[in-house]
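Here is how the chains run, residue by residue.
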Amino acid sequence: MLKTYPPAVIGVSKFISNFFNPLTSLIIFFIYISSQDFAPKAALKTFMPILFFTILPIVIWIVWNVKKGNYTNLDVSNRNQRKSLYFFISACIGVYLIYDYTTTGTPNLLMIFLMVLLLILQISNYFIKSSMHTAFNVFVAALFFAESALLGIIWAVIAILVGITRVILKRHTAKEVVTGAAIAILVSFIYLYTNIQLQQ
């Protein structure tokens, strides 16, 4: 028998899960890093391609597919339905990487590892529906950690809360949440190591 939770717990879980979805968490990080590293005009110039090549197309794709009935919900929590979403997100990140490299001449390490994370999640989806919410928030925690240990720890707590809410809302089993987290921890560790090596 499935455990039932009080309405207040469900309500708080829905808020946390919906607000800290993969796209929102990444947007928060991109806005933070742009504002830290660049003047307002340069920050906008850096953020806009990410917005137009990845974030907006992905949002439009998900909403359009929900309206057409191809996706059950905005979470795309159905394992079979996720296959097309993974391919579309990969294509969007691929287009952005090509654009960014042709304009800057430098590979974007962050987006490359985001693509790696996505591809591993895509492969794992054929065996287990790993939690994308959890995985992306763990990766965002690593991104914040590279900038500030305190922010990284704060976001790690958020990632744990998100994982718990996914189980409470019955979007994932505990095993699926742990698998998503484990994949993201592996990718995050390699990203942080590579980032440190490149800065030396």
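Residues numbered from 1 in each chain as written. Predicted model: local features only at pLDDT ≥ 70, side-chain atom pairs only at ≥ 80, totals over all residues. Heavy atoms only, no water.

With that settled, the discussion passes to the overall build of the protein chain. For the protein chain, the count of helices and strands is 8 helices and 0 strands. Along its sequence from the N terminus, the protein chain presents helices and strands in the succession α-α-α-α-α-α-α-α. In terms of overall size, the protein chain behaves like a compact globule, its C-alpha atoms giving a radius of gyration of 17 Å where 200 residues would be expected to give roughly 16 Å. Viewed in the frame of its principal axes, the protein chain has a C-alpha envelope of about 55 × 40 × 30 Å. Pairs at least 24 residues apart make up 70% of the contacts formed inside the protein chain by residues separated by at least 6 positions. (Helix = DSSP H or I, 4+ residues; strand = E, 2+ residues; numbered from the N terminus. Rg over C-alpha atoms; globule rule 2.2 N^0.38 Å. Contact = heavy atoms within 4.5 Å.)

With that out of the way, let us pick up the side chain of Glu176. For Glu176, the position within the fold is in helix 8 (residues 174-199). We note that Glu176 is buried and unpaired, the nearest opposite charge coming from Lys129 at a distance of 4.5 Å. Contact partners of Glu176, with chain neighbours within four places excluded, come to Ile128, Lys129, Ser130, Ser131 and Arg171. (Buried < 20%, exposed > 50% of the residue type's maximum accessible area, 1.4 Å probe, protein only. Lys, Arg positive; Asp, Glu negative; His and termini not counted. Salt bridge = Lys/Arg side-chain N within 4 Å of Asp/Glu carboxyl O.)

Let us now look at helix 1 (residues 7-19). Here helix 1 contains 13 residues, and its C-alpha end-to-end distance of 18 Å stays within 8% of the 18 Å for a straight helix at 1.5 Å per residue. Buried within helix 1 are the following residues: Ser13, Ile16 and Ser17. The buried residues of helix 1 all sit within an arc of 95° when viewed along its axis, so they share a single face. In helix 1, the exposed positions angled more than 90 degrees off the buried face are occupied by Pro7, Ala8 and Phe15. Structurally, helix 1 contributes buried residues whose contacts are with helix 6 (132-147) and helix 7 (149-168). (Expected span 1.5 Å × (residues − 1). Arc of directions from axis to C-beta.)

Moving on, we come to the packing of helix 1 against helix 7. At a minimum axis distance of 9 Å, the contact between helix 1 and helix 7 shows a crossing angle of 125°. Our classification of the angle between helix 1 and helix 7 gives oblique. Judged by the twist between their axes, the crossing of helix 1 over helix 7 is left-handed. Listed contacts from helix 7 to Val9, Ile10, Ser13, Ile16 and Ser17 of helix 1 are Leu161, Val162, Thr165, Arg166 and Ile168. For the contact of helix 1 with helix 7, a count of residues per class yields 6 nonpolar, 3 polar and 1 charged. (Axes fitted to C-alpha atoms, helices over the stretch in contact; angles between N-to-C directions. Parallel < 35°, antiparallel > 145°, perpendicular 65-115°, else oblique. Left-handed = near helix turned anticlockwise from the far one by under 90°. Nonpolar A, V, L, I, M, F, W, Y, C, P; charged D, E, K, R; others polar.)

Here we take up unusual backbone geometry. Located in the positive-phi region is Val76, a residue other than glycine, with phi close to 50°. Note that Val76 resides in the loop between helix 3 (40-68) and helix 4 (79-104). Positioned with a positive phi, Lys170 is a non-glycine residue whose angle comes to about 60°. Within the secondary structure, Lys170 is located in the loop between helix 7 and helix 8.

Take the confidence of the model for the protein chain next. In low-pLDDT regions, the fine details of the predicted coordinates are not to be read closely. Mean pLDDT over the protein chain stands at 91; residues scoring 70 or higher make up 98%. Per-element mean pLDDT across the protein chain ranges from 87 in helix 2 (residues 22-37) up to 96 in helix 7. (pLDDT = per-residue confidence, 0-100.)

With 26 residues, helix 8 should cover 38 Å at 1.5 Å per step; its first-to-last C-alpha distance of 37 Å lies within 8% of that length. Within helix 8, the full set of buried residues consists of Glu176, Val177, Gly180, Ala181, Ile183, Ala184, Val187, Ser188, Tyr191 and Asn195. Contact partners of the buried residues in helix 8: helix 5 (109-124), helix 6 and helix 7.

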